Amino acid sequence: MAHEFDRAYWDDIWAGAGGSVGDDDGDRPAAMAANPPNPHLIREVSRLVPGTALEAGCGAGTEALWLASQGWQVTGADIAAEALTIAARRSAELGLSGRVSWVEADLSAWEPPARYDLVTTYYAHPAIPQLDFYERLASWVAPRGTLLIVGHPNDAGHGRHGGHVTHAGHDRGAHPPAEAGVTAASVTARLEADRWEIVAAEETSREMPGRGGAPVTVHDVVVTATRRP
């Protein structure tokens, strides 16, 4: 079943009303908040000097909080107010409130007040085609800054969006629209060669715990690029 990634959809998810068929844990927001930081973030950011960062579609703030703990000054933006409430509570509990700010924003229309040394996103889906969204993110990167995209592959070769489980640790039971899936080549094609140096562009698979602890295979598209001066 396809759906639109609008504010109502994400509010439903974070209010716990968007559970998948057969989901009996009853607390999907807690499951999403419990996920560890994305391993591609840890790998790709380890080479960077901390500066300002924007996480687009931050959800409960796991990656934004990890960046803050590593010395970054972070803005986490998301369309879902409930997700940001959870994120703000977590940042206070971790003593990181001074290093991260939370912005409720429709990323298909919002414009940030500044450019950032790092702009990153993980499986975020706004109510515009996915590649258009990534092109918007690229425009928010400061000169010499880094763009890190971790997204879903298209269905080719996988039969479904395997990475989609990572939002909540288990499948949502719904297929995103076709334009939500991308390839590494389709993402890098939106980054002009005279403005960007491609650091990494790959399509990978990994395992992570799913519902009940059973391993699930997650398919990722990962693109890292540096904006030229």
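Before reading on, note that the structure itself is shown above.
Note that the structure is a prediction, hence the values are computed from the model and not measured. (Residues numbered from 1 in each chain as written. Predicted model: local features only at pLDDT ≥ 70, side-chain atom pairs only at ≥ 80, totals over all residues. Heavy atoms only, no water.)

Enquirer: Before we go on, may I ask you to explain the overall build of the protein in this structure?
Expert: When helices and strands are tallied, the protein shows seven helices and seven strands. Starting at the N terminus and ending at the C terminus, the protein contains elements arranged as α-α-α-β-α-β-α-β-β-α-β-α-β-β. Looking at the 229 residues of the protein, the share that counts as buried comes to 53%. Counting only contacts in the protein whose residues sit at least 6 apart along the sequence, the fraction spanning at least 24 positions is 71%. (Helix = DSSP H or I, 4+ residues; strand = E, 2+ residues; numbered from the N terminus. Buried < 20%, exposed > 50% of the residue type's maximum accessible area, 1.4 Å probe, protein only. Contact = heavy atoms within 4.5 Å.)

Enquirer: Even after reading the chapter, I still don't get the sheet that holds strand S6 (residues 196-209), so can you show me in this structure?
Expert: Strand order in this open sheet of seven strands is S3-S2-S1-S4-S5-S7-S6, and the pairing throughout is mixed. The open sheet has two edge strands, strand S3 (100-104) and S6, and neither has a second partner. Across the sheet, the axes of successive neighbouring strands diverge by a mean angle of 15 degrees, strand direction being ignored. The sheet contact formed by strand S1 (residues 52-56) and strand S2 (residues 73-78) spans five bridges and is parallel. If you follow glutamate 55 over to S2, its bridge partner there is glycine 76. Across the sheet, helix H4 (residues 62-69) touches S1, S2, S3 and strand S4 (116-122), and the angle it forms with S3 is around 155 degrees. Strand contacts of helix H5 (residues 81-93): S2 and S3, with the helix running at about 170 degrees to S3, the strand carrying the most contacts. (Pairing = 2+ DSSP bridges. Axes fitted to C-alpha atoms, helices over the stretch in contact; angles between N-to-C directions.)

Enquirer: I'm lost on the side chain of glutamate 55 in this one. Help?
Expert: With respect to the helices, strands and loops of the structure, glutamate 55 is situated in strand S1. One buried charge, glutamate 55, has no salt-bridge partner; the nearest side chain with opposite charge is arginine 90, at 8.6 Å. Apart from the residues lying within four places of it in its own chain, the contact partners of glutamate 55 are Glu63, Ala64, Thr75, Gly76, Ala77, Thr120 and Tyr122. (Lys, Arg positive; Asp, Glu negative; His and termini not counted. Salt bridge = Lys/Arg side-chain N within 4 Å of Asp/Glu carboxyl O.)

Enquirer: What is the right way to look at the pairing of S4 in this model?
Expert: Successive residues of a regular strand alternate their side chains across the two faces of the sheet. For S4, the buried fraction is high: six of the seven residues fall into the buried class. With three bridges connecting them, S1 and S4 associate as parallel partners. Residue glutamate 55 lies in a different strand from S4, and its bridge partner there is threonine 120. Bridge count for S4 against strand S5 (residues 141-151) is six bridges, and the pairing is parallel. Each bridged residue has a counterpart across the sheet, and for threonine 121 the counterpart in S5 is isoleucine 149. The parallel pair S4 and S5, bridged by helix H6 (residues 130-138), forms a crossover whose chirality is right-handed. (Right-handed = clockwise from strand over helix to strand, strands pointing away.)

Enquirer: Help me understand the side chain of histidine 219, please; the structure alone is not making it clear to me.
Expert: On the secondary structure map, histidine 219 appears in strand S7 (residues 215-227). For histidine 219, the side chain forms a polar contact with the side chain of serine 205, separated by 2.8 Å. (Polar contact = N/O pair within 3.5 Å; in protein donor to acceptor, adjacent residues only side chain to side chain.)

Enquirer: Help me understand the nonpolar core in this model?
Expert: The nonpolar side chains of soluble globular proteins are, as a tendency, buried together. If you look at the biggest cluster of nonpolar residues, it comprises 25 residues, and the most contacted ones within it are Trp110, Val119, Leu137 and Leu147. Mapped by element, the contributors of at least two residues to this core are S1, S4, H6, S5, helix H7 (184-188) and S7. Looking at this core element by element, the count peaks at four residues for H6. Beyond its immediate stretch of four places on either side in the chain, leucine 147 contacts Val119, Leu137, Ala138, Val141, Leu191, Trp196, Val223, Thr224 and Ala225. Of all hydrophobic cores here, the second largest spans 21 residues; its members include Leu65, Leu67, Val100 and Tyr122. (Core = buried A, V, L, I, M, F, W, Y, C linked by side-chain atoms within 4.5 Å.)

Enquirer: Would you mind going over the pattern of salt bridges with me for this structure?
Expert: Side chains carrying opposite charge are able to pair once their charged atoms draw close together. Counted by the stated rule, this structure contains seven salt bridges. A salt bridge links arginine 190 to glutamate 135; the shortest N-O distance between them is 2.6 Å. Of this pair, arginine 190 sits in the loop between H7 and S6 while glutamate 135 is found in helix H6, placing the two residues 55 residues apart along the sequence. When its relative accessible area of 29% is taken as the criterion, arginine 190 is described as partly exposed. Close ionic contact of glutamate 192 with arginine 195 constitutes a salt bridge, the shortest N to O distance being 3.9 Å. Residues participating in the shared-partner salt-bridge network are Arg43, Glu44 and Glu202.

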